[in-house]
Amino acid sequence: MFSPGGGHSFCDAILHIPEEKVIFMGDLLFVQCHPTFFEESDLDNWVEILEQVKKMDNVSIAIPGHGQVGTKRDLSKLVDYINGISKKVREIDSIAETEMPASYRDWQSPEIYRQNVKMAHALLND
């Protein structure tokens, strides 16, 4: 068990069982559901943590804090999600202009997308 530093929150922790190729990601991983960004979230570090886990050879199964059991593909999807929102809020003048990409419309808790855009805008533009 180790703490990779703050991504989703200050107290993120990961439990890795290499011989089973399983990693428990807690709220660093959401599978097929919108993650929640908080004032304490560090979006850039969150992406870096996910990228580091993707590079681990002894990981096949990723247990998220929310959603179904995932794989490294789900880590990539969350990286794309966070990077997509981060890029969008850095490029736009008004968050009212944002639309949810079609690739996330079937994820659980779609109402969180708009909240994440607002929070990312505050985190990245203040």
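Refer to the structure presented above.
Keep in mind that what you see is a predicted model, and the values were worked out from it rather than measured. Sequence positions are assigned chain by chain, starting from 1 and proceeding in written order. Given that this is a predicted model, residues contribute local features only at a pLDDT of at least 70 and side-chain atom pairs are listed and counted only at 80 or more, while totals for whole chains, interfaces and linings are drawn from all residues. Water and hydrogen atoms play no part in the side-chain values, which are based on all heavy atoms of the structure.

As for the state of the cysteines
Phase 1 of the analysis: The disulfide criterion used throughout: a pair of cysteine sulfur atoms within 2.5 Å. Summed over the entire model, instances satisfying the criterion amount to 0 disulfides.
Phase 2 of the analysis: With no disulfide partner, Cys33 has as its closest neighbouring cysteine sulfur the one in Cys11, 18 Å distant.

What to know about helix α2 (residues 72–91)
Phase 1 of the analysis: With 20 residues, α2 should cover 28 Å at 1.5 Å per step; its first-to-last C-alpha distance of 29 Å lies within 8% of that length.
Phase 2 of the analysis: When a residue's accessible area, from a 1.4 Å probe over protein chains only, is under 20% of the maximum for its type it is buried; when over 50% it is exposed; and in between it is partly exposed. Runs of E in the DSSP output that reach at least two residues are strands. Runs of H or I that reach at least four are helices, and both are numbered from the N terminus. Of the residues making up α2, those classed as buried are Asp74, Leu75, Leu78, Val79, Tyr81, Ile82, Ile85, Ser86 and Val89. For α2, the angular spread of the buried residues around the axis is 160°, confining them to a single face. Seen from the buried face of α2, the exposed residues on the opposite side, beyond 90 degrees, are Arg73, Lys87 and Glu91.
Phase 3 of the analysis: By definition, residues are in contact when any of their heavy atoms lie within 4.5 Å. Turning to α2, the residues buried within the fold contact β2 (22–31), α1 (43–54) and α3 (111–125). What a helix should span is 1.5 Å times the count of its residues minus one. This arc is taken over the directions from the axis of the helix to the C-beta atoms.

Let's talk about the environment of Ser60
Phase 1 of the analysis: Mapped onto the elements, Ser60 comes out in the loop between α1 and β3 (61–67).
Phase 2 of the analysis: Looking at Ser60, the relative accessible area reads 38%, which means it is partly exposed.
Phase 3 of the analysis: Taking C-alpha positions, Ser60 is 9.8 Å from Arg73, a pair spaced 13 residues apart along the chain.
Phase 4 of the analysis: For Ser60, the residues in contact, after removing those within four places along its chain, are Lys21, Gly70 and Thr71.

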